[in-house]
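What follows is the residue order along each chain.
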Amino acid sequence: MLTINRKIALAFLTILTLLAVRCTPQPPATLRLATTTSTQDSGLLDIILPDFEKKFNARVDVVAVGTGQAIAIGEKGDADVLLVHDRAKEDKFVADGNAPARYDVMYNDFIIVGPASDPAKIKGMATAADAFKAIAAAKALFISRGDQSGTNARELAIWKAAGINPAGDWYVSAGQGMGELLTMTQEREAYTLSDRGTYLKRRSDGLTLVILVEGGSDLLNPYGVIPVSAQKFPGVNADLAQKFVDWLLSVDTQQMIADYKIDGQSLFIPQSEPWKAAHP
Amino acid sequence: MILEIAIRSLQVTISALIVSTLIGIPVGAWLALVRFPARRVALALVYTGMGLPPVVVGLVVYLILSRSGPLGGLSWLFTIPAMIVAQIILSIPLIVGITMSSILAVDSTLRIQLRALGATHWQATRDLVLEARSGVVVGLAAGFGAIISEVGAVMLVGGNIAGQTRVLTTAIVLETREGNFDTALALGGILLTLAFAANLIMVIAQGRLREIK
């Protein structure tokens, strides 16, 4: 009787082991990119990365988190390259010796979105700071990322510029990524600051929030690429990281970025040095 | 793509479960049968471990496996092995605890009888574990259910990388974030089906084990 039992157990174990063995670690040519949810959720990476993977016979592992977390991953040497959008934190990252340099890649802009009914009457205001003042004065519900992401950092900078310390029942700190936050903002009929790319992507999927303020000088959103220092972190694949940077800044890739549109609108505007030299 | 994610979920969880079974059953038997000074402390630790917050386990594994951490040389962070490690830590206490209580539930005179009949220490222990096997199977099912449905730890240490470390739970989080509720719901359905199927298999195995007795 025990032998039958053993045979079953043995067969079971064999199957399990076979399954387990298939979980092998990664092949060598991989690049780990820590980036923001906006580059992934907007769909941009899905469009451009296959070209890099093909040209360099490499695989890009994308860890998409908030800019704050992406930079923290870089500070521990757990990524090879960063693609993020918080200029102050990026400059500090380089100054702290975590990377040799930071390069301009592209920009888009932030927008203030909210319900079409617009209870705080901010539609068409010239700057984000003015709009934030009106939202605070009306105590209209505002939902913040609250996650140290690049968008969150910009939002806090705008509150500061507006001279307001956002607090109270009307100000909600959600701790969510941009996509989730837009859903939450719609459900609660609130206002929030969003990057344009994620918003357009979500709107094409049926989101009904509308753009209320755009184009203000305090709404520009530049993205930088940073290869992590191999001197400080020996495990970093610096060679492939530099190839990635050169590829991302090249005119061909920048053209792909410019061509990526949703509903006829560009999500990101290229601005690398090679691009600017080719398009004076 | 959904199929690939489901298979990966199973790979990670089953790999973790094999390791924690190999460690958990002997440790559980040892705790049930051997008296030693700090045993009560050990028991309290096991019971605490049965309710470990996954996200805390994820954080600790993250820091240990980070290139700046003590085991950074392995380069395991954001890979399948890191997820397996986290799931092993989460499932071992469950298997140890349930193995232990099911052995303790076996008639305590059995061991004395076995020894009296001339069984060696090792043989007696083995027979006790076999006697308690249906309880042990419950431990495996509990461990499987806990770790395949867990999201906090695998999100932190796996990084939810498409095609590499994305499993059912982290894919559900991502699809929800992107507003693809239909896909999220479908993934949730697969997850529930897998958990149900695994438990069904274990319940049937439990019945078989009883009959074999």
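Thresholds, definitions, all that
Residues numbered from 1 in each chain as written. Chains lettered and ligands numbered in written order. Predicted model: local features only at pLDDT ≥ 70, side-chain atom pairs only at ≥ 80, totals over all residues. Domains from an automatic or database assignment. Contact = placed C-beta atoms within 7 Å. Helix = DSSP H or I, 4+ residues; strand = E, 2+ residues; numbered from the N terminus. Axes fitted to C-alpha atoms, helices over the stretch in contact; angles between N-to-C directions. Left-handed = near helix turned anticlockwise from the far one by under 90°. Nonpolar A, V, L, I, M, F, W, Y, C, P; charged D, E, K, R; others polar. Buried ≥ 20, exposed ≤ 12 C-beta atoms within 10 Å, placed from the backbone. Pairing = 2+ DSSP bridges.

What about the domain arrangement of chain A?
Residue and element names in this part refer to chain A.
Then comes step 1: Domain annotation for chain A reports domain 1 (30-107 + 222-278) and domain 2 (109-219).
Then comes step 2: Placing a centre on the C-alpha atoms of domain 1 and another on those of domain 2 gives a separation of 26 Å.
Then comes step 3: Taken residue by residue, the interface counts 19 residues in domain 1 and 15 residues in domain 2.
Then comes step 4: Among the secondary structure elements, those contributing two or more residues to the side of domain 1 that touches domain 2 are helix H2 (37-41) and helix H4 (67-75).
Then comes step 5: Among the elements that make up the side of domain 1 that touches domain 2, the one with the highest residue count is H2 (three residues).

A look at the packing of helix H1 (residues 2-33) of chain B against helix H4 (residues 80-105) of chain B
All names here are of chain B.
Then comes step 1: Two elements in contact, H1 and H4, have axes whose closest approach is 6 Å; the angle formed by their N-to-C orientations is 35°. Seen along the crossing, H1 lies across H4 with a hand that is right-handed.
Then comes step 2: Here the residues of the contact of H1 with H4 sort into 21 nonpolar, nine polar and no charged.

Observations regarding the interface of chain A and chain B
Then comes step 1: With 26 residues of chain A at the interface, the matching set in chain B holds 25 residues.
Then comes step 2: Broken down by secondary-structure element, the contributors of at least two residues to the side of chain A that touches chain B are helix H1 (2-21), strand E2 (59-65) and helix H8 (178-188) of chain A.
Then comes step 3: Considering every element that reaches the side of chain A that touches chain B, the biggest residue donor is H1 of chain A, with four residues.
Then comes step 4: Taken together, the residues of the side of chain A that touches chain B sort by class into ten nonpolar, seven polar and nine charged.

What about the environment of Met-256 of chain A?
Residues and elements named next belong to chain A.
Then comes step 1: For Met-256, the location among the structural elements is in helix H11 (residues 251-259).
Then comes step 2: The sequence separation of Met-256 and Pro-270 amounts to 14 residues, and the corresponding C-alpha distance is 9.1 Å.
Then comes step 3: For Met-256, the residues in contact, after removing those within four places along its chain, are Ile-47, Ile-48 and Asp-51.

Quick notes on the pairing of strand E7 (residues 192-195) of chain A
Residues and elements named next belong to chain A.
Then comes step 1: Residues Thr-192 and Ser-194 line one face of E7 and the alternating positions Leu-193 and Asp-195 line the opposite face, and both faces are buried.
Then comes step 2: Pairing of strand E4 (residues 103-114) with E7 involves four bridges; the strand directions are antiparallel. Counted as the bridge partner of Val-113 is Thr-192 from E7.

Structural notes on unusual backbone geometry
Then comes step 1: If you check the backbone angles, Glu-189 of chain A has positive phi at about 50° while not being a glycine.
Then comes step 2: Of note, Glu-189 of chain A is situated in the loop between H8 and E7.
Then comes step 3: Phi at Ser-75 of chain B takes a positive value of approximately 55°, unusual for a residue other than glycine.
Then comes step 4: With respect to the element layout, Ser-75 of chain B can be found in the loop between helix H3 (54-65) and H4.

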